Amino acid sequence: MPEITITIGGRQFEVACQEGEEHYLHSAAKMLDDEAQVLSDQVGRMPEARMLLMAGLMLADKTASFEDQVNEVRGKLNEREAELEGLKNAAAPEPLRIEVPVVPDAVTDTLAEIAARAEALAAEVDEKTST
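Quick summary incoming for the structure in this document. (Residues numbered from 1 in each chain as written. Predicted model: local features only at pLDDT ≥ 70, side-chain atom pairs only at ≥ 80, totals over all residues. Heavy atoms only, no water.)

Summarising the element assignment, Arg11 is placed in strand E2 (residues 11-16). Of the side chains with opposite charge, Glu48 lies nearest to the buried Arg11, which makes no salt bridge, at 4.4 Å. Looking at Arg11, its side chain comes within polar contact range of the main-chain oxygen of Met46, at 2.9 Å. Residues within four places of Arg11 in sequence aside, it is in contact with Ile6, Arg45, Met46, Glu48 and Met51. (Helix = DSSP H or I, 4+ residues; strand = E, 2+ residues; numbered from the N terminus. Buried < 20%, exposed > 50% of the residue type's maximum accessible area, 1.4 Å probe, protein only. Lys, Arg positive; Asp, Glu negative; His and termini not counted. Salt bridge = Lys/Arg side-chain N within 4 Å of Asp/Glu carboxyl O. Polar contact = N/O pair within 3.5 Å; in protein donor to acceptor, adjacent residues only side chain to side chain. Contact = heavy atoms within 4.5 Å.)

Here is the structure:
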């Protein structure tokens, strides 16, 4: 079982941990040291036990806040999963019937005639401008 030296609030501690858990212990010690540093900056020097207690309580408060947020997100996720499941199990909606009006032949013939006249006029203008 490895022995690790950690520093919290400027004080060193020897702590044993399971093989392979050293990284987690260093991370946890850094979080505790960060909180202890905040206390030390605000209050100054205090007894070791009180400093560790206060730093631990500050971390516990942050953890409780994160747990509340996680629970809220889980609740929303469960709602969305239920909604998704409901949509998967719902019957397919009836297709919408869309009617497209048919353009009468007389209108298309008239538009074709107007287009032909416009082309003839354009050709006539081109002839006059090129001479």
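Throughout the structure, instances matching the rule amount to eight salt bridges. A salt bridge links Lys30 to Asp34, with the nearest nitrogen and oxygen atoms 3.1 Å apart. Taken as a pair, Lys30 and Asp34 lie in helix H1 (residues 22-43) at a separation of four residues, close to a single helical turn. Each member of the salt-bridge network shares a partner with another, and the members are Glu79, Arg80 and Glu83.

Here we come to H1. Over its 22 residues, H1 runs 31 Å from end to end, which matches the ideal 32 Å to within 8%, given 1.5 Å per residue. Restricting attention to buried positions, one finds in H1 the residues Leu25, Ala29, Leu32, Glu35, Ala36 and Leu39. Buried residues of H1, viewed axially, fall in a sector of 125°; they line one side. Among the exposed residues of H1, those pointing more than 90 degrees away from its buried face are His23, Asp41 and Gln42. Directly beyond the C-terminal end of H1, a positive phi value near 95° is found at Gly44. (Expected span 1.5 Å × (residues − 1). Arc of directions from axis to C-beta.)

So, on to the environment of Pro2. With respect to the secondary-structure elements, Pro2 resides in the segment before strand E1 (3-8). Residues Pro2 and Ala28, spaced 26 residues apart in sequence, show a C-alpha to C-alpha distance of 16 Å. Those residues in contact with Pro2 that sit more than four places away from it in its chain are Val15, Ala16, Cys17, Gln18, Glu19 and Glu22.

Another aspect to go through is the nonpolar core. The biggest cluster of nonpolar side chains holds 14 residues, and the ones touching the most others in it are Ile6 and Ile8. If you list the elements that add at least two residues to this core, you get E1, H1 and helix H2 (48-89). With five residues, the single largest contributor to this core is H1. With residues up to four places along the chain from it excluded, the contact list for Ile8 reads Phe13, Ala29, Leu32, Asp33, Ala36, Met51 and Leu52. (Core = buried A, V, L, I, M, F, W, Y, C linked by side-chain atoms within 4.5 Å.)

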